[in-house]
Amino acid sequence: MLNERSLAANPDCSDCPIRHRAVCARCESDELDRLEQIKYYRRFEAGQSIIWAGDRMDFVGSVVSGIATLSQAMEDGRTQMVGLLLPSDFVGRPGRITAAYDVVATTDLVMCCFRRAPFEEMMSRTPHIAQRLLEMTLDELDAAREWMLVLGRKTAREKIASLLSIIARRDSTLNLRDGRDAKVVFDLPLTREAMADYLGLTLETVSRQISALKKDGVIELEGKRHVTVPDMARLMEEAGDDGDGGMLV
């Protein structure tokens, strides 16, 4: 079952922080009004399940704030984290009744949800919503291909820097359009253990490489989670990525 708690207030679409990045980015005011009629908000606490693989999905939606993980279980009980959901990322697939992955909030998370059947009907009548969803899906495919490079060819230091770059560019307190060399501050949503699982590294290697990046001034740490990147360009260089990296959008 989907755990939920109602938000105290439902913000208007025009005030939404992901308004120009989400599936509704190209909607006109009348289309936003129709979406308002089928949307609702759900809030999840860190560690709370959003949906389990195989469960019926009666909704689709976008992450408004917070971060979640996508995981898949093997027959012998082992699990593998296969992706991250960051603000503006889309959850669920129109036309697919059941969930393909376990989705778990790693931080407190807010989702803007749409009832699946009405959303699918609106997609059929509003081509640019379907087009925007296709673009987001293709971006996700590019990111998955780039992640294959991260896992298969990059060094442990580059893997850690790549993951930090993704999170910094998508969930920072600074709009990076102001400059790639600007300071970026964010809270790391994953434990060292989760990072090791996601990157195919040992816990010891993750901790050692984070310490090395800190020692070299690439990142600053306050506690274990609060990260400051003094120079994003340098972090991206450490990750082996340039400004056009397909994964770093």
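Thresholds applied
- Residues numbered from 1 in each chain as written.
- Predicted model: local features only at pLDDT ≥ 70, side-chain atom pairs only at ≥ 80, totals over all residues.
- Heavy atoms only, no water.
- Pairing = 2+ DSSP bridges.
- Helix = DSSP H or I, 4+ residues; strand = E, 2+ residues; numbered from the N terminus.
- Axes fitted to C-alpha atoms, helices over the stretch in contact; angles between N-to-C directions.
- Salt bridge = Lys/Arg side-chain N within 4 Å of Asp/Glu carboxyl O.
- Buried < 20%, exposed > 50% of the residue type's maximum accessible area, 1.4 Å probe, protein only.
- pLDDT = per-residue confidence, 0-100.
- Contact = heavy atoms within 4.5 Å.
- Parallel < 35°, antiparallel > 145°, perpendicular 65-115°, else oblique.
- Left-handed = near helix turned anticlockwise from the far one by under 90°.

You'll find the protein chain entered in an unreviewed UniProt entry as Nitrogen fixation regulation protein FixK, with Maliponia aquimaris given as the organism.

If you walk across this open sheet you meet the four strands as β2-β7-β4-β5, and the pairing is antiparallel. Two strands bound the open sheet, and with one partner strand each, they are β2 (49-51) and β5 (79-85). If you compare each strand with its neighbour and ignore which way they point, the axes differ by 30° on average. The pairing of β2 with strand β7 (residues 102-105) spans two bridges and is classified as antiparallel.

Further remarks concern the pattern of salt bridges. Within this structure, the stated rule accounts for nine salt bridges. Measuring nitrogen to oxygen at the nearest pair gives 2.9 Å for the salt bridge that ties Arg26 to Glu135. Here Arg26, found in the segment before α1 (29-38), pairs with Glu135, found in helix α3 (residues 127-153); they are 109 residues apart in sequence, far enough to count as distant. Relative accessible area serves as the criterion here: at 38%, Arg26 is assigned to the partly exposed category. You can call Glu135 partly exposed: its relative accessible area is 25%. The closest approach of N and O atoms between Arg34 and Asp30, which form a salt bridge, is 3.9 Å. A residue pair is termed a helical-turn pair when its members lie 3 or 4 positions apart in one helix, as Arg34 and Asp30 do in helix α1 at four residues.

A separate point is the confidence of the model for the protein chain. Predicted coordinates in areas of low pLDDT are best not read in detail. Looking at the protein chain as a whole, the pLDDT averages 83, with 87% of positions reaching at least 70. Overall, residues 1-8 carries pLDDT values under 50, and its contacts beyond four positions in sequence, including any with other chains, amount to 19 contacts. Low pLDDT (under 50) marks residues 173-179, which in the prediction has eight contacts with non-local residues, meaning those over four places away or in another chain.

Moving on, we get to the packing of helix α4 (residues 156-170) against helix α7 (residues 232-239). Remark: α4 packs on α7, axes separated minimally by 7 Å, with the N-to-C direction vectors making an angle of 140°. Between α4 and α7, the interaxial angle falls into the category oblique. When the axes of α4 and α7 are compared, the crossing they make is left-handed. On the side of α4, the interface is formed by Arg157, Glu158, Ala161, Ser162, Leu164, Ser165, Ala168 and Arg169, while α7 contributes Met232, Leu235, Met236, Glu238 and Ala239.

Among the structural elements, Lys214 can be located in helix α6 (residues 203-215). Given a relative accessible area of 44%, Lys214 falls into the partly exposed group. Lys214 sits 13 residues away from Val227 along the chain, and the two C-alpha atoms are 9.7 Å apart. Leave out the neighbours within four places in its chain, and Lys214 touches Ile219 and Leu221.

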